[in-house]
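# Structural overview for review
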Amino acid sequence: MKKIILSVLLAGFAFMGFAYSGKTKATGYIKIYGSEPFTFAGITCDDGRQFSLVIEPDTFSKEQIYDFQGHHVFVEGGIIKAENSPFNSLKDGKLVLKNIEPAEKTIGAKK
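Small disclaimer: the values here were computed from a predicted structure and weren't measured.

Attention shifts here to the overall build of the chain. Looking only at helices and strands, the chain has two helices and five strands in total. From first element to last, N terminus to C terminus, the chain shows the α and β order α-β-β-β-α-β-β. Buried positions account for 34% of the 111 residues belonging to the chain. Of the contacts formed within the chain by residues at least 6 apart in sequence, a portion of 61% connects residues at least 24 apart. Element-wise, carbon and sulfur atoms account for 61% of the exposed surface of the chain, whose accessible area totals about 7,400 Å².

What follows is the structure, given as structure tokens:
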């Protein structure tokens, strides 16, 4: 039974690896979705795309991301398509967060 469960999990992770696109950059506003204790952060990009934010271990804390709520930010990361990860996913999928900073600090940001 354990071998079956492990095989299914490994196959799922392998499939998610194929769904992960390369690195992307975007600017937009951080929003918090859901209700406690089941909240998650998302970004509405300036071009209309919407992504849930996935916070990898040893990068940022949930609280650090939530402090950006309502602020215009610049983000970098990889995209997991919505059809491959439907739980807590906004319309364009999930963005695996590698970097986040206020948009005013980025080159070419609008003032």
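As defined by bridge partners, strand 3 (residues 50–55) adjoins strand 5 (residues 94–102) across four bridges and the pair is classed as parallel. If you follow leucine 53 over to strand 5, its bridge partner there is leucine 95. Across eight bridges, strand 4 (residues 72–80) lies against strand 5 in antiparallel orientation. Bridge pairing links glutamate 76 to asparagine 99 in strand 5.

Looking now at the pattern of salt bridges. Counted by the stated rule, this structure contains two salt bridges. The shortest N-O distance in the salt bridge between aspartate 47 and arginine 49 comes to 2.9 Å. Aspartate 47 sits in the exposed class, given a relative accessible area of 53%. Given a relative accessible area of 24%, arginine 49 falls into the partly exposed group.

Okay, the environment of tyrosine 66 next. The residue tyrosine 66 is located in helix 2 (residues 62–66) in this model. Along the sequence, tyrosine 66 and alanine 41 sit 25 residues apart, while their C-alpha atoms lie 7.0 Å from each other. Beyond its immediate sequence surroundings of up to four residues, tyrosine 66 is in contact with Ile32, Thr39, Phe40 and Ala41.

Rules used throughout
- Residues numbered from 1 in each chain as written.
- Predicted model: local features only at pLDDT ≥ 70, side-chain atom pairs only at ≥ 80, totals over all residues.
- Heavy atoms only, no water.
- Helix = DSSP H or I, 4+ residues; strand = E, 2+ residues; numbered from the N terminus.
- Buried < 20%, exposed > 50% of the residue type's maximum accessible area, 1.4 Å probe, protein only.
- Contact = heavy atoms within 4.5 Å.
- Areas by Shrake-Rupley, 256 points an atom, 1.4 Å probe, with all protein chains shown as cover.
- Pairing = 2+ DSSP bridges.
- Salt bridge = Lys/Arg side-chain N within 4 Å of Asp/Glu carboxyl O.

What is shown is where atoms sit, not what they do.
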